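What the coordinates show
Listed below are the residues making up each chain.
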Amino acid sequence: MTIDETSVAVDDSPRTNESLRALRHGQGLAGILLVVTVALAGLFAGVLTSYDPLTQIPDANLLGPSAQHWLGTDHLNRDVAARVLAGIRIDLLIALLAVPIGAVIGALVGLAATVHPVADVTAQRVFDLILAFPTLILGIMLAAITGPGWHAVVIVIIAAEIPIFGRQIRTAVLAVREQPFVEAAEVIGADPWWTLRKHVLPNVIEPLGVQFALSLSVAVFLEGAMSFIGIGVRPPQPSLGSLIAGSIANLDANPWIAIGPLTVVAALTLGFLLIAQALGRARRLA
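Remember, it's a predicted structure, so these values are computed and weren't measured experimentally.

**Quick word on helix H10 (residues 240–247)**
Counting buried positions over the eight residues of H10 gives six, a clear majority of the element. Every buried residue of H10 is listed here: Leu240, Gly241, Ser242, Leu243, Ile244 and Ser247.

**Description of a nonpolar patch on the surface**
Among the surface-exposed residues, Leu129, Phe133, Leu136, Ile137, Ile140, Met141, Phe228, Ile229, Ile248 and Leu251 lie close enough to one another that they form a single nonpolar patch of about 850 Å² accessible area. Judged by its relative accessible area of 41%, Ile140 is partly exposed.

**Some details on the side chain of Asn77**
Among the structural elements, Asn77 can be located in the loop between helix H3 (45–48) and helix H4 (80–113). Since its relative accessible area comes to 16%, Asn77 is described here as buried. A polar side-chain atom of Asn77 sits 3.1 Å from a polar atom in the side chain of Asn61. Beyond its immediate chain neighbours, meaning those up to four positions away, Asn77 contacts Thr55, Gln56, Ile57, Pro58, Asp59, Ala60 and Asn61.

**Some details on the side chain of Glu161**
One can find Glu161 in helix H7 (residues 150–176). This buried residue, Glu161, is left without a salt bridge; Arg167 holds the nearest opposite charge, at 13 Å.

Calculation rules
- Residues numbered from 1 in each chain as written.
- Predicted model: local features only at pLDDT ≥ 70, side-chain atom pairs only at ≥ 80, totals over all residues.
- Heavy atoms only, no water.
- Buried < 20%, exposed > 50% of the residue type's maximum accessible area, 1.4 Å probe, protein only.
- Helix = DSSP H or I, 4+ residues; strand = E, 2+ residues; numbered from the N terminus.
- Patch = residues over 30% accessible without salt bridge, like charges linked within 9 Å, V, L, I, M, F, W, Y side chains within 5 Å.
- Areas by Shrake-Rupley, 256 points an atom, 1.4 Å probe, with all protein chains shown as cover.
- Salt bridge = Lys/Arg side-chain N within 4 Å of Asp/Glu carboxyl O.
- Polar contact = N/O pair within 3.5 Å; in protein donor to acceptor, adjacent residues only side chain to side chain.
- Contact = heavy atoms within 4.5 Å.
- Lys, Arg positive; Asp, Glu negative; His and termini not counted.

Pasting the structure below:
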């Protein structure tokens, strides 16, 4: 039987247009500007500062902010601004590597869970097992096994995102399957894979954009937390969390050392949250 795709097609353009509109105005635009500004600062670190983030500068111990060192220097005579800019690159690299991997694995497991009851029960138990451990506790356990470092942060973020995306896509697939346009496709004899590709997945993937932006925000915060307690990115390699941890000893006398990394973490976290809120509001209005 030949299937007329247009007879059961779903018009996603209103929701897509609403999402694009949300990112051009208000919270969405503010979030994008924050994230892009921070990302560009990290990308063009060599233009913004001439100092190497790992190089010690002679006679530059705990200098205050100046035209030469606009965030001062730390207790090891290193330029703080150069280290913050390098930390931006590391944090974004970790987040943009770990979150997509976790999202893909979670989505595949979530899809598999909708195929057969046994697969569903197995996936749910795996999700429960991962969620039973607080993320930082999971990070400590992993660091004790593999040793601290950026790889531990990546693995923990991936593990944390698998049940989130898996459960979300499972719930969405089961809900979309009950929609009239899917039932219509099945009645006229559409191939199950065609129905999944043309109708189910387009309606399931779109909501994941909101979760993806939210997960990037959580990933930045999680890297900072793990590095802060010493199980994430290890010195002398700079990351935003390790820079905040390193500033604690001199916080009273030299507070400017912490201002840079704290501001960047806040900007990235807020930026991704604003994008997620804008996309979520657009979906509700569409």
